[in-house]
Amino acid sequence: MRTVAVTKIGSLRNPDEHARGRIGLVDFPEPTLGPEDVRIRVAYSAICGSDPHLAEGFFGTDVPIGLGHELSGVVEALGSTAHRNGLKVGDRVAGNFLRFCGTCTPCRGGQQQFCEHIQEYNRPGMAETVTWHESQVYKLPDHVSLLKGCLLEPTSVAVRIADKTHIKVGDRVVICGGGPIGQLALQVLKMSGATSLTLIEPIAERREAALRRGADVVIDPTSEDQNLRAKEITAGSGFDVVIDASGSTRAVRGLLDIAAKGATVVYGAMYPHDFEMPLNLSDYLYLKELTLTGVFVSPYAFPRALQILPYLEVDELTEMVFDLEDAEAAFATHVSGAHPKVVIRCNRIDDGGQVA
């Protein structure tokens, strides 16, 4: 089973070819189809912003490390009892790359994101096929294409971010970072009643995309005074909801200054494991009573992500498509930042579910 994998640990952005991380195709054995499993012939698998971090050894350095968790495809085979969700061979599906055990204390206590066995089950989906437990698999609506369907997982992250904000209709919202998660979160927060909806983003094309997708205001942090603009937009009060979707260590600290008193600040990206942000507890937690929180994974968000996916505008996130054989070039394009999203076509499957 051909699978895209990290074959050498190192930053994919390193200008030194000898030290640079490497992506390649590796033949992995296809997992045995268990009684509750679903085998999916993968159509599309999108590159996530977290994937280059795996190449840097964020979750371990034993190579090869299989990649891919944002995917869509067609059900190819079902285990003998994998019928509880009504899945059938030929169904077009997407899903959650994580299998929660359901039996540990966090799972039984309503906190699946802290599942004690979450790392025991890793089946990468940037491959010809992937075999997942039926609880991970969701049938796509008939009018959602397979290409759009591979964005179900990042959409679930946007839903989870919205959950963590506890947004109320009319809240003033700012999002830092106009990459895929920032753009999806912007649309989800717009649906949730956000006002003064603002995107902070240095890349002009991403600011323009945000305006097309519902942003009221955009800020270029490289040429504008972010604090001054925030005061103008919110009449001096600050934003009630502040979201970081950039993962930029240069940006995260300054977001506290544009938050309103009593605001919720969500750090919704992956950050370097050794990064520590200075925080004046008196200023931000005592006097301003800010609520600071983060996002790890997206428990309980997938059914709702599936409901809103048809309403999201994602064409600009799915324009750049590479074939599986060109995975190395796909990742080079991703790290160049020239496109907001890069997708790998793992098999040629039409929207009727037929494999070419």
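In short, a report on the structure. (Residues numbered from 1 in each chain as written. Predicted model: local features only at pLDDT ≥ 70, side-chain atom pairs only at ≥ 80, totals over all residues. Heavy atoms only, no water.)

1. Examining the overall build of the chain
Piece 1. Counting secondary structure elements, the chain contains ten helices and 16 strands.
Piece 2. Radius of gyration (C-alpha) of the chain: 20 Å, near the 21 Å computed for a compact globule of 356 residues.
Piece 3. Taking all 356 residues of the chain together, the buried fraction comes to 53%.
Piece 4. In the chain, the proportion of contacts linking residues at least 24 apart, taken out of those at least 6 apart, comes to 68%.
Piece 5. Summing over all exposed atoms, the chain offers an accessible surface of approximately 16000 Å²; the carbon and sulfur share of this is 50%. (Helix = DSSP H or I, 4+ residues; strand = E, 2+ residues; numbered from the N terminus. Rg over C-alpha atoms; globule rule 2.2 N^0.38 Å. Buried < 20%, exposed > 50% of the residue type's maximum accessible area, 1.4 Å probe, protein only. Contact = heavy atoms within 4.5 Å. Areas by Shrake-Rupley, 256 points an atom, 1.4 Å probe, with all protein chains shown as cover.)

2. What to know about the sheet that holds strand β12 (residues 239-244)
Piece 1. Ordered in space as β11-β10-β9-β12-β13-β14, the six strands form an open sheet in which the pairing is parallel. If you trace the sheet from one side to the other, it starts and ends with β11 (217-219) and β14 (291-294), each paired once. Taken over all neighbouring pairs, the strand axes of this sheet differ in orientation by 20° on average, direction set aside.
Piece 2. As paired strands, strand β13 (residues 259-267) and β14 are joined by four bridges and run parallel to one another. Counterpart to V265 in the pairing with β14 is L292.
Piece 3. Set on the sheet, helix α6 (residues 204-212) makes contact with β10 (195-200) and β11; between it and β11 the angle comes to about 165°. (Pairing = 2+ DSSP bridges. Axes fitted to C-alpha atoms, helices over the stretch in contact; angles between N-to-C directions.)

3. Side note on the pairing of β10
Piece 1. Of the pairings in the sheet, the one linking strand β9 (residues 172-176) to β10 comprises four bridges and is parallel in character. Bridging across to β10, R172 finds its partner in T195.
Piece 2. Crossover β9 to β10 through helix α5 (residues 180-191) is right-handed.
Piece 3. Pairing between β10 and β11: three bridges, direction parallel. Pairing of L199 across the sheet is with V218, part of β11.
Piece 4. Assessed by its sense of winding, the connection that carries the chain from β10 through α6 to β11 is right-handed. (Right-handed = clockwise from strand over helix to strand, strands pointing away.)

4. Some details on the packing of aromatic side chains
Piece 1. A complete count under the given rule lists three aromatic pairs for this structure.
Piece 2. Each ring, one from F58 and one from F59, has its centre 4.9 Å from the other, and the planes form 70°; the classification is edge-to-face.
Piece 3. The partly exposed category is assigned to F58, whose relative accessible area is 29%.
Piece 4. Each ring, one from Y267 and one from Y271, has its centre 6.3 Å from the other, and the planes form 80°; the classification is edge-to-face. (Phe/Tyr/Trp six-rings, centres within 6.5 Å; stacked < 30°, edge-to-face > 60°.)

5. A few points about the nonpolar core
Piece 1. In terms of nonpolar packing, the biggest core is built from 46 residues, with L152, V173, I175, L186, L189 and I243 touching the most fellow members.
Piece 2. Those elements that place two or more of their residues in this core are β3 (37-46), α4 (152-165), β9, α5, β10, β12 and α9 (302-308).
Piece 3. Sort the elements by how many residues they give to this core and α4 lands first, with six residues.
Piece 4. Residues in contact with I243, not counting those within four places in the same chain, are I161, T165, V173, V174, I175, C176, L189, L255 and V266.
Piece 5. Core analysis: the next-biggest nonpolar cluster, separate from the first, contains 32 residues, Y121, V137, A327 and A330 among them. (Core = buried A, V, L, I, M, F, W, Y, C linked by side-chain atoms within 4.5 Å.)

6. Looking at the pattern of salt bridges
Piece 1. Evaluation of the coordinates by the stated rule reveals 23 salt bridges.
Piece 2. Across the pair D240 and R172 runs a salt bridge, and its minimum N-O distance is 2.9 Å. With a gap of 68 residues between them, D240 in strand β12 and R172 in strand β9 connect regions that are remote in the sequence.
Piece 3. What you see here is one network of salt bridges that share partners, running through R2, E128 and E325. (Salt bridge = Lys/Arg side-chain N within 4 Å of Asp/Glu carboxyl O.)

7. Focus: unusual backbone geometry
Piece 1. V63 connects to P64 through a cis peptide bond whose omega is 0°.
Piece 2. Considering the arrangement of structural elements, one finds P64 in the loop between α1 (51-55) and β4 (65-66).
Piece 3. One non-glycine residue, H166, lies in the positive phi region at around 55°.
Piece 4. Mapped onto the secondary structure, H166 falls in the loop between α4 and β9.
Piece 5. Among the residues examined, H166 registers a relative accessible area of 63% and is labelled exposed.
Piece 6. Even without a glycine there, the phi angle at Y300 is positive, about 65°.
Piece 7. Within the element layout of this structure, Y300 appears in the loop between β14 and α9.

8. Describing the side chain of Q226
Piece 1. Within the secondary structure, Q226 sits in helix α7 (residues 226-233).
Piece 2. Given a relative accessible area of 17%, Q226 falls into the buried group.

9. Topic: the pairing of β3
Piece 1. Most of β3 is tucked away, with nine of its ten residues classed as buried.
Piece 2. In the sheet, β3 pairs with strand β7 (residues 129-133) via five bridges, with the strands oriented antiparallel. By the bridge assignment, V38 is partnered in β7 with W132.
Piece 3. Where β3 meets strand β5 (residues 70-78), eight bridges bridge the pair, whose relative direction is antiparallel. Bridging from a neighbouring strand, A46 pairs with E70 of β5.

The values reported here are purely geometric and, on their own, carry no functional implication.
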